[in-house]
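# Breakdown of the fold
Spelled out from the first residue to the last, the chains are:
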Amino acid sequence: MNDAFKALSDPTRRQILQMLKEQDLSAGQIADQFNISKPSISHHLNLLKQAKLVSEERQGQNRVYSLNMTVVQEAMGWFLGMLGKKGE
């Protein structure tokens, strides 16, 4: 769970997750939306993969990324549960 929260702490990674919420995208399609280097995008994608927030599938020469909703929902459930405990 800590990996997921660490991954979510970065605005670029959160933006990538928002993009993947709409549709699966290749690494190139993701990189085209940012004004940072492709190696930097690759680093962000690797951290998201390590946190299991995204999955990667090879399609020919491309790597296509998709959102892993199960882990996203687990992280949000934990977070919302913590918020609920404060008011109890």
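Everything below is about the structure shown above.
Residues numbered from 1 in each chain as written. Predicted model: local features only at pLDDT ≥ 70, side-chain atom pairs only at ≥ 80, totals over all residues. Heavy atoms only, no water.

Moving on to the overall build of the protein chain. Scanning the protein chain from terminus to terminus reveals five helices and three strands. Each helix (α) and strand (β) of the protein chain, taken in turn from the N terminus, gives the series α-α-β-α-α-β-β-α. With the principal axes as the frame, the protein chain shows a C-alpha extent of 50 × 25 × 20 Å. When contacts within the protein chain are restricted to residue pairs at least 6 apart in sequence, long-range pairs at least 24 apart make up 51% of them. (Helix = DSSP H or I, 4+ residues; strand = E, 2+ residues; numbered from the N terminus. Contact = heavy atoms within 4.5 Å.)

Looking at the largest pocket, its volume works out to about 220 Å³. Taken together, Leu8, Arg14, Leu17, Gln18, Lys21, Leu53, Leu67, Met69, Val72 and Met76 make up the full set of residues lining the largest pocket. Counting residues per element, the ones that place at least two in the lining of the largest pocket are α2 (11-22) and α5 (69-87). Of all the elements, α2 adds the most residues to the lining of the largest pocket, at four residues. A per-class count over the lining of the largest pocket returns seven nonpolar, one polar and two charged. (1 Å grid on protein atoms, 1.4 Å probe; cavity = no way out; pocket = protein on both sides within 12 Å on 5 of 7 lines; lining within 4 Å. Points joined across faces, edges and corners; volume = space filled by probe spheres on them. Nonpolar A, V, L, I, M, F, W, Y, C, P; charged D, E, K, R; others polar.)

When two helices pack together, their arrangement is given by the angle between their axes and by how far apart the axes lie. Relative orientation of the contacting elements α2 and helix α4 (residues 38-50) amounts to 75°, with a least axis distance of 10 Å. Considering the angle they form, α2 stands roughly perpendicular to α4. Here Thr12, Arg13, Ile16 and Leu17 of α2 lie close against α4, whose contacting residues are His44, Leu45, Leu47 and Leu48. Considering only residue class, the contact of α2 with α4 consists of five nonpolar, two polar and one charged. (Axes fitted to C-alpha atoms, helices over the stretch in contact; angles between N-to-C directions. Parallel < 35°, antiparallel > 145°, perpendicular 65-115°, else oblique.)

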